[in-house]
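# Results of the structural survey
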Amino acid sequence: MEFFSQTYVALRGPQGQPQTASETIGRLSDRLSPATLLADRRAAVLALKGLSRDHKQDVGDRALAGLLDVLASDAEIDSDIGKAVLETLIVLCEVDPANKELGFKYTDIVLATEKTVHTLFTLLGDNSFYTRFSTIEYLAILLQNRRQVVQSYFLKAPAGTRNVIAILEDKREIIRNEALTMVQTLVAQSPDIQKVLTFEGAFEKLFNIVTQEGGIEGGVVSQGALTCVDALLRFNTSNQSYFKETQLPPALCSLLLYPYTLPLHEPAPQEFALQFWDDQKAVNAGLVVGILGMLIGTKGSASQEASGYIRCLVEIGLASNAPVRLKTQSLRLLPANMNFPLSEIVVTPYMPVPETNGEEWDRLEPASALDALVELALHGEYNGLDSAKRLKNGLELRAAASTVFENFVHSDEIRHAIIQAMLPVEASAPAPPVTPLLHALASPLDTSSVDLAQISSTHFACLLFAHLLRSSPRAKLSARLIKPGPLHPQQSASAGQFFVPADGASPLAATQAEPDDDEPPQTLLQILSENLSLVLLARSRPDASDGENREWDRVVVGYLSLLSQWLWEDPKSVRDFLDSGGLGTLVEPVNQISESDVLIPSLCAFLLGICYEFNREPGEITRSTIHQIINRLGIDNLVAQISRLREDDRFRAIGPDSIVQASPLVAKPGLPAPKQPSQEEVEIWFDWAFVDFWKSNYYTVQRALPTDPNQLSTSAGQNPETAMLVASLREVIRKQAEEIESLQKRLKEQSTQPNEVPQLQKQVTELTAQVSDSAERQKDLEKEQEDLLVLLDEVSAKRKRDKARLKEAGLEVSEDEADDDEDDDE
Amino acid sequence: MSSITWHYVLKFIITGDAAVGKSSLLIRLTDQRFLTNPDPTLGVEFGSKLISIPDEDKIIKLQCWDTAGTESFRSITRSYYRGAAGCLLVYDVTNRKSFVNTKSWLADVREHADPHLTCILVGNKVDLCDETQDAPAKPRQVSTEEAASFAQQEGILFVEASAKSGVNVELAFVEAAQDILQKIKNGVFDDSRSPGVKLSNQPNPNSLTLEQTSSKNNTCCS
Ligand SMILES: Nc1nc2c(ncn2[C@@H]2O[C@H](COP(=O)(O)OP(=O)(O)OP(=O)(O)O)[C@@H](O)[C@H]2O)c(=O)[nH]1
Ligand SMILES: [Mg+2]
């Protein structure tokens with residue numbers, strides 16, 4: 001401090017008169033020149049540092065160049081001067097909210113050449129605490145202000161990467177933590193920097209930090225390190241292939257306490273499934289889950305490693321006590337083209353023991369992951385514990401589960417198997433026990449009072465069931481035959497009766513017995529159309545409140561969306577629906593529209609149009625019957641009604657990833673806002689699959705409305721049998737293509753392993769043979785399909801001829817199969 | 001993946017003029033493929049491969065960083081020299097200039113890399129001037145003798161190869177790896193001093209067990 005006072009004395013001038021700050025700063029700046037003694041320079045820097053807060057502009061304008069020179073020449077030699085000059089530069093370049101330009105201006109001057117940045121990255125190698133610490137801090141500020149410039153200089157800095165790695169290894173916590181923050185910005189959006197740090201071993205260092213800190217329990221430090229790992233990997237395929245070659249991916253799983261090599265038939269350990277969670281731990285776990293999801297994404301779900309990660313995410317989502325957000329994230333990250341054997345994995349869900357504050361848990365009966373997934377979508381987590389509330393997190397989780405289900409049943413084979421399980425083994429056998437999905441779908445609602453839990457599960461059941469049927473003629477064919485056994489009104493509150501504590505008796509046993517059928521059991525379609533009309537009645541009751549009506553509307557939307565997708569292109573199902581009184585049910589709401597009520601009439605009009613367009617099977621209600629009704633309702637009116645669906649926010653706001661919406665009723669003025677966003681009440685109306693379906697088809701429906709009853713179908717001319725045949729052949733081809741692909745992949749994997757060349761060669765030949773075999777089979781099938789189509793053509797030609805002859809002979813020919821002559825412009 | 005095990009991890013870099021076939025050599029090594037139209041490399045690309053050294057009965061994990069030959073990436077690719085244990089210095093036998101330039105590449109490598117780095121000169125694209133055919137697709141511009149004598153002068157290994165036909169590609173890496181193993185045996189790298197060499201069975205006090213022999217160590221849930 002002696003220098004300090006001496007300098008001041010020296011600067012005060014001969015008369016000892018006080019000077020202005022700017023005069024002082026000017027003189028101090030002169031003293032920064034290399035010509036002065038080191039001690040004087042040091043004193044000048046210290047003085048400038050003291051003045052820099054209050055006189056940022058003066059110090060910056062006069063002294064910046066000198067300070068940079070001092071940094072370059074003295075900081076390495078004298079750590080006191082190094083610390084002081086860095087701290088001054090930090091003050092100058094920091095962007096303070098009051099005067100933003102100044103900070104940027106000085107940053108730009110500092111970054112005019114690469115010199116200072118190179119000096120800084122060299123200084124990082126300096127082991128003295130303050131030099132290292134202030135250098136990191138200063139680099140962080142420069143990066144924040146002008147990231148790209150610093151990044152481009154960094155790539156040419158001689159010891160840059162080495163020193164960055166060194167600070168990640170620093171034993172002094174403060175330095176290491178500061179380093180994590182700086183590195184996050186340094187690597188942002190720069191694949192080159194990401195790669196060069198990877199080359200120098202950044203992943204290993206970062207994982208060391210995480211491990212030292214105690215994994216995901218390691219607080220913000222672990223968070224910083226995991227964020228860096230994520231940044232090094234995301235969008236960087238080169239780094240991803242490096243990473244997956246290391247032992248780090250298994251280490252990621254073990255951070256979640258999940259054993260990476262867990263065999264498929266073994267249950268996940270309890271210490272993984274049940275953990276103590278806090279917010280910070282959830283954030284850290286979320287980062288790990290995010291990285292796992294990214295690795296699955298780049299690997300495709302075929303590889304063995306990927307299936308380990310997928311299982312880990314499935315277990316978190318379905319059978320753990322992880323926070324809801326983490327579960328949702330895990331489910332969302334499952335790959336869309338998932339061919340993961342959900343029905344073969346057995347999971348063990350848990351339930352919190354009431355009143356134990358999440359500290360005690362009951363283990364439930366093991367169930368297949370598929371059953372657990374359906375249960376989760378239908379009732380929410382923990383057996384529907386909170387399903388009567390419409391909490392944002394809860395609904396998002398259920399929506400995510402529904403999407404996983406949708407992806408899982410993408411293959412026709414799987415849909416078929418699921419629907420088949422709802423049918424008797426043989427036609428004469430009794431109906432099998434009602435599956436949870438069918439139960440939730442077909443159970444009539446108690447319309448005397450609103451039961452939110454039940455309404456939600458009915459609605460989700462509609463969404464799930466639509467995933468099974470959408471554009472699958474085969475699935476629709478089987479679904480028509482479903483006759484659910486005896487149903488019992490759903491219990492309110494805890495709707496999930498399908499999981500019971502491992503030590504308890506199943507209440508389901510009671511529901512199954514007592515066959516009370518005097519009448520023949522109804523088909524599912526009949527039940528749905530009856531349920532629909534009951535709920536439509538409930539919503540038109542004059543005494544119902546807005547809130548109640550909104551709930552009935554939701555169920556109606558669920559039913560109508562499902563039915564639209566079911567009846568589309570399926571004349572037999574249309575026939576069944578019309579025969580069970582569906583027409584009257586639909587006409588009613590269309591007939592009594594009001595300004596405030598757009599949604600339901602619009603969907604009814606849409607379904608009515610579908611019923612008209614695809615009413616192609618002989619039956620009591622003919623196309624002419626419907627045509628008359630349509631005319632009475634007014635074609636223009638119906639067309640307009642259908643279009644108006646687009647105006648409704650509940651429809652319009654749906655995106656592929658956002659089907660959960662804020663509930664307007666809760667957000668009413670006067671009510672206090674919810675404390676946490678996660679406690680916010682929300683609702684679901686449509687899913688993206690339906691919105692997509694509607695958008696692709698509403699125009700066809702609108703165009704079909706004015707057509708003549710005798711006119712042939714305007715949409716795809718194939719009859720359902722052909723469509724089914726084509727679809728199933730397509731499926732076979734798709735499967736074989738997949739098989740070939742996976743064989744090729746295996747082939748590749750195999751051939752990358754050394755040492756087993758002869759054996760592998762043998763395998764290669766075998767696999768090649770198999771591949772060409774499958775290709776052969778595929779060709780045969782394609783040929784077969786072609787032959788079938790030709791045959792079909794011949795048959796219909798013959799039929800046409802026969803009919804013509806019948807006509808000539810004066811016999812009657814059925815009208816709806818009228819032939820389509822040579823002009824094919826219908 | 002848990003069954004794969006290795007004794008050493010060696011870091012390699014691949015350098016040389018643009019378009020001499022560096023990426024093609026790496027892809028041939030890792031994927032057994034040849035692309036007629038690969039994109040020029042931007043910066044660096046990573047590829048890895050397990051090879052076995054039968055004489056030593058060792059399995060080696062090669063971590064290869066394939067660098068861009070284009071001048072504008074020089075400063076980026078240089079950062080990789082220091083950490084490498086081996087270097088493939090590639091030229092194109094039908095392009096004399098690329099051979100002449102290996103001298104300056106080598107100087108650059110020597111300036112920045114570990115002094116014990118093993119370098120192998122690789123004359124690529126020999127398929128183009130297949131002498132057994134009457135009309136080679138492209139005349140050779142660098143004779144085998146000339147390159148061999150240059151390599152000898154500089155004290156580096158040498159091989160001619162083709163990423164297209166695959167001839168000698170793995171050999172180039174194996175020879176270099178063998179040389180590195182020899183150096184390890186001779187104690188050139190006393191206690192993992194080369195950043196490009198990692199031993200599987202020698203725990204590094206600074207790193208957790210992640211880089212060690214794989215297989216075990218997966219039941220980390222205790
Ligand atoms: N005939 C033949 N062509 C080759 C061979 N190796 C590479 N090529 C071709 O040479 C061209 C350049 O190959 P690259 O592998 O991209 O060269 P590179 O050295 O990685 O180039 P940069 O990434 O720009 O530095 C491509 O058209 C390759 O198909 C070879 O062994 N024989
Ligand atoms: Mg390349």
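So, here's what we can say about the structure. On a predicted model such as this, the values are computed, not experimentally measured, just so you know.

Moving on, we get to the overall build of chain B. A tally of helices and strands in chain B yields 6 helices and 7 strands. Reading the secondary structure of chain B in the N-to-C direction produces β-α-β-β-α-β-α-α-β-α-β-α-β. Buried positions account for 51% of the 222 residues belonging to chain B. Once local pairs closer than 6 in sequence are excluded, the contacts in chain B between residues at least 24 apart make up 74%. Total accessible area computed for chain B in this model is approximately 9900 Å², and 50% of it derives from carbon and sulfur atoms.

Residue and element names in this part refer to chain A. Of note, Ala401 is situated in helix H23 (residues 392–408). Under the relative-accessibility criterion, Ala401 is labelled buried at 0%. Measuring from C-alpha to C-alpha, the distance between Ala401 and Leu378 comes to 9.1 Å, with 23 residues separating the pair along the chain. If sequence neighbours within four positions are ignored, Ala401 has contacts with Leu331, Leu373, Leu376 and Ala377.

Take the packing of helix H19 (residues 304–318) of chain A against helix H21 (residues 369–379) of chain A next. Residues and elements named next belong to chain A. At a minimum axis distance of 10 Å, the contact between H19 and H21 shows a crossing angle of 40 degrees. The angle between H19 and H21 places the two elements in the oblique class. Judged by the twist between their axes, the crossing of H19 over H21 is left-handed. When H19 is examined against H21, the residues Val314, Gly317 and Leu318 are found in contact with a partner set consisting of Ala369, Ala372, Leu373 and Leu376. Class assignment of the residues belonging to the contact of H19 with H21 gives a composition of 6 nonpolar, 1 polar and no charged.

Residues and elements named next belong to chain B. The coordination sphere of the magnesium ion (ligand 2), as far as protein atoms go, consists of Ser23 (OG) and Thr41 (OG1), spread over 1.9 to 2.0 Å. Of this pair, Ser23 sits in helix H1 (residues 22–31) while Thr41 sits in the loop between H1 and strand E2 (44–53), placing them 18 residues apart in sequence. Its relative accessible area of 16% is what places Ser23 among the buried residues.

Right, let's get into the environment of A:Pro430. Residue and element names in this part refer to chain A. Considering the arrangement of structural elements, one finds Pro430 in the loop between helix H24 (412–420) and helix H25 (436–442). Judged by its relative accessible area of 69%, Pro430 falls in the exposed class. Measuring from C-alpha to C-alpha, the distance between Pro430 and Gly485 comes to 8.2 Å, with 55 residues separating the pair along the chain.

Let us look at helix H29 (residues 524–539) of chain A. Quick reminder: α-helices carry 3.6 residues per turn. Residues three or four places apart thus point the same way. With 16 residues, H29(A) should reach 22 Å at 1.5 Å per residue; the first-to-last C-alpha distance of 22 Å fits that figure. Of all the positions in H29(A), only A:Leu524, A:Leu525, A:Ile527, A:Leu528, A:Ser529, A:Asn531, A:Leu532, A:Val535, A:Leu536, A:Ala538 and A:Arg539 are classed as buried.

Before going further, it helps to spend a moment on empty space enclosed by the protein. Scanning all chains against the criterion turns up 6 cavities of 30 Å³ or more. Elements supplying a minimum of two residues to the lining of the largest cavity: H19, H21 and helix H22 (381–384) of chain A.

Our next topic: the site of ligand 1. Residue and element names in this part refer to chain B. With respect to spatial proximity, 23 residues lie near ligand 1, and among them Lys22, Ser23, Ser24, Gly69 and Asp127 are the closest. In this structure, Val20 approaches ligand 1 through a main-chain N or O atom, which is 3.3 Å from an oxygen atom. Within the side chain of Asn124, one N or O atom sits 3.2 Å away from a nitrogen atom of ligand 1. When ligand 1 sits alone it has 650 Å² of accessible area, and the protein chains cover 89% of it. The element best represented in the shell around ligand 1 is H1, accounting for 3 residues.

Rules used in this analysis
Residues numbered from 1 in each chain as written. Chains lettered and ligands numbered in written order. Predicted model: local features only at pLDDT ≥ 70, side-chain atom pairs only at ≥ 80, totals over all residues. Heavy atoms only, no water. Helix = DSSP H or I, 4+ residues; strand = E, 2+ residues; numbered from the N terminus. Buried < 20%, exposed > 50% of the residue type's maximum accessible area, 1.4 Å probe, protein only. Contact = heavy atoms within 4.5 Å. Areas by Shrake-Rupley, 256 points an atom, 1.4 Å probe, with all protein chains shown as cover. Axes fitted to C-alpha atoms, helices over the stretch in contact; angles between N-to-C directions. Parallel < 35°, antiparallel > 145°, perpendicular 65-115°, else oblique. Left-handed = near helix turned anticlockwise from the far one by under 90°. Nonpolar A, V, L, I, M, F, W, Y, C, P; charged D, E, K, R; others polar. Donors = N, O, S within 2.8 Å, 3.2 Å for Na, K, Ca; no water. Expected span 1.5 Å × (residues − 1). 1 Å grid on protein atoms, 1.4 Å probe; cavity = no way out; pocket = protein on both sides within 12 Å on 5 of 7 lines; lining within 4 Å. Points joined across faces, edges and corners; volume = space filled by probe spheres on them. Near = heavy atom within 4 Å. Polar contact = N/O pair within 3.5 Å; in protein donor to acceptor, adjacent residues only side chain to side chain.

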